[in-house]
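Working through the structure, step by step
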Amino acid sequence: MCLPGPAGAPVFHRFGYNSFVQTILAIETSCDETAVAILRYRTGHPGSELLASEVASQIAEHEKYGGVVPEVASRNHLVHAPHLLERATRTAKIDMVEVDAFAATSGPGLASSLMIGASIAKGLSIGFAKPYLAINHLEGHLLSPFFFEDGPPRPSGQTAVPAVDLQPRQARRSESVPWRTRGSSAVTDETSLFPIRPNVSLVVSGGHTMSIFVRGVGDYQIIGHTVDDAAGEAFDKVAKLLGLAYPGGPEIEKRAHDGDPARFDFPRSMLDSDNFSFSGLKTAVRYLLPKLKGDYLADLCASFQQAVVDVLVRKSIAAAKRYGVDLVTVSGGVSRNQELRRQMSDACAREGFAFKSAEPWLCTDNAAMIAFAAMLRLKTGFASRVAEEIDPNLALG
Ligand code: KG4
Ligand code: ZN
């Protein structure tokens, strides 16, 4: 049964005794990935159910330029988005009228790309008279380690989404699973069902390297950020210097596997600061390269990777100590890196912190994390005006 609601207010579908279902459709187009996800949750129940998650990567289109070309990205979003919307609703087996709220990434990112996803979500919101939620891309990343916490068990046989995929794909679809209930009592404090424990969050992607003190949903304090290149950008630029494919992170990680991380002593910059800097490291690789002969690729990749990982781990642990949290989280494309995950996990265990990383399929850009952030925001009563502009430099807060 659909309960009538005032225009712009969430509309809930009754689902059995004392339980309401809400369905969120989210669109992510901040950079070169077009993504659509549909997430459903019930009030009074922990966890959520991901009905569909579609991602169309444009790596093939941008590879020949060695990086993302904004004009090419926005044209591709326009082509991919309608197909992904159609596929997502088909996969989720729902009709658009059943969606209770439409969300889109509204920044930070490329203006001409953000515009596409936000315009579509706003149009749907107006057309179906449902709320619109403008979500910060970085908030999507930093909440992603909590995705499905206390939620339904993961379906078996799910494979991680490959980092590189040239075709539109279904990123992940959860099977329908029975909901776990919390006794028979009516639970009124919805946000308590999704406990986002205070943590020091490291967001490491192609566009951002940031350390954030997360007190709870929507309560963020930036600890440090990069003053030049982001960690992912450094991976991409060094890969280009080495003649490797774009994006460079997975390429370098692959070569680093058999290399000696101690062979080249690369700089670890700004260790006494909360901020990050990776351009000196990239320059060190550039100056070293012409002097090298013979077989050096694996050792160079391993040494470069180790320099990045060292800095990220050391700064995260120092911040966790200073901010008095007991949890460190990591998210964003670079957090797919196995060495970063392993070394951060080991350092946290040594220093007495819990550690949580986003699952590999959630690390690179996707709409499931945007839907999840929208769901948590919706529970705090957040909604946006459809007149709200996208903001390429949107701050976290
Ligand atoms: O989060 P993301 O998909 O997009 C942005 O929001 O920027 O991150 C993409 C970045 C790229 O720079 C890519 O090289 C890096 O994540 N990346 C990795 C790995 N997989 C992706 N870096 C290191 N190791 C990886 N395995
Ligand atoms: Zn991202």
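Quick caveat: nothing in here was measured; it's all calculated off a predicted structure.

A short note on the overall build of the protein chain
Secondary structure assignment for the protein chain yields eleven helices and twelve strands. Residues counted as buried form 49% of the 397 residues belonging to the protein chain. Put simply, of all contacts in the protein chain between residues at least 6 apart along the chain, 76% involve residues at least 24 apart.

Comments concerning the nonpolar core
Counting 108 residues, the largest nonpolar core has A26, A37, L39, A103, A371 and A374 as the members making the most contacts within it. Counting contributing residues, this core receives three or more from each of domain 1 (13–147 + 151–193 + 364–379) and domain 2 (199–357).

Focus on the packing of helix 8 (residues 297–323) against helix 9 (residues 338–351)
Packing of helix 8 against helix 9 leaves a shortest axis separation of 10 Å and a crossing angle of 35°. Both helix 8 and helix 9 take part in a crossing whose hand is right-handed. Residues Q305, V309, L312, V313, S316 and I317 of helix 8 lie in contact with helix 9, whose contacting residues are E339, L340, Q343, M344, A347 and E351.

Quick notes on the sheet that holds strand 12 (residues 354–357)
Sheet architecture is open: five strands sit in the order 10-9-8-11-12, paired in mixed fashion. At either margin of the open sheet sits one strand with a lone partner, and together these are strand 10 (219–225) and strand 12. Adjacent strand axes in the sheet meet at a mean angle of 25°, parallel and antiparallel pairs treated alike. Together, strand 8 (199–204), strand 9 (209–216), strand 10 and strand 11 (327–331) form the strand contacts of helix 8, whose direction differs from that of strand 8 by roughly 155°.

A short note on the site of ligand 1
Taken together, 20 residues form the shell around ligand 1, and within it S205, G206, G232, G249 and G333 come nearest. Taken together, the elements giving at least two residues each to the shell around ligand 1 come down to helix 5 (231–241) and helix 6 (248–256). In terms of residue count, the dominant contributor to the shell around ligand 1 is helix 6 (four residues). When its residues are assigned to classes, the shell around ligand 1 shows six nonpolar, ten polar and four charged. When residues of the shell around ligand 1 are assigned to domains, at least three fall in each of domain 1 (13–147 + 151–193 + 364–379) and domain 2 (199–357).

A closer look at helix 3 (residues 111–127)
Here helix 3 is 17 residues long and its end C-alpha atoms lie 24 Å apart, about the 24 Å a rise of 1.5 Å per residue gives. At the C-terminal side of helix 3, A129 shows a positive phi close to 50°.

Focus: helix 2 (residues 70–92)
Taking 1.5 Å of rise per residue, 23 residues should cover 33 Å, and helix 2 covers 31 Å from first to last C-alpha, within 8% of that figure. H80 marks the point of greatest bend in helix 2, at about 30°, and the proline P82 comes within the next four residues. Among the residues of helix 2, those classed as buried are A73, N76, H77, H80, A81, L84, L85, A88 and A92.

Description of the confidence of the model for the protein chain
Close reading of the predicted structure is inappropriate where its pLDDT is low. Per-residue confidence for the protein chain gives a mean pLDDT of 85; residues scoring 70 or more make up 82%. Long-range and interchain partners of residues 1–19, a stretch whose pLDDT sits below 50, account for 33 contacts in this model, where long-range means more than four residues apart. The low-confidence segment residues 150–189, where pLDDT is below 50, has 61 contacts with residues more than four positions distant or belonging to other chains.

A word on unusual backbone geometry
Of the consecutive residues G107 and P108, the connecting peptide bond is found in the cis state with omega at -10°. Between Y246 and the following residue, P247, the backbone shows a cis peptide bond with an omega angle of -5°. Of note in this structure, K93 is not a glycine but carries a positive phi near 55°. Position of K93 among the secondary structure elements: in the loop between helix 2 and strand 5 (101–107). Judged by the 11 C-beta atoms lying within 10 Å of it, K93 falls in the exposed class.

A few points about the pairing of strand 9
Looking at chain direction, strand 8 and strand 9 are connected through six bridges and run antiparallel. Within the sheet, the bridge partner assigned to L202 lies in strand 9 and is S211. Counting the residues between successive antiparallel strands, the hairpin from strand 8 to strand 9 contains four residues. Across six bridges, the pairing between strand 9 and strand 10 is antiparallel. Looking at the pairing, S211 lines up with G224 of strand 10. Counting the residues in the hairpin turn of strand 9 and strand 10 gives two residues, including G218, whose phi is positive at 80°.

Conventions used here
Residues numbered from 1 in each chain as written. Chains lettered and ligands numbered in written order. Predicted model: local features only at pLDDT ≥ 70, side-chain atom pairs only at ≥ 80, totals over all residues. Helix = DSSP H or I, 4+ residues; strand = E, 2+ residues; numbered from the N terminus. Buried ≥ 20, exposed ≤ 12 C-beta atoms within 10 Å, placed from the backbone. Contact = placed C-beta atoms within 7 Å. Core = buried A, V, L, I, M, F, W, Y, C linked by C-beta atoms within 7 Å. Domains from an automatic or database assignment. Axes fitted to C-alpha atoms, helices over the stretch in contact; angles between N-to-C directions. Left-handed = near helix turned anticlockwise from the far one by under 90°. Pairing = 2+ DSSP bridges. Near = placed C-beta within 6 Å. Nonpolar A, V, L, I, M, F, W, Y, C, P; charged D, E, K, R; others polar. Expected span 1.5 Å × (residues − 1). Bend = angle between axes of the 7 residues up to and from the residue. pLDDT = per-residue confidence, 0-100.

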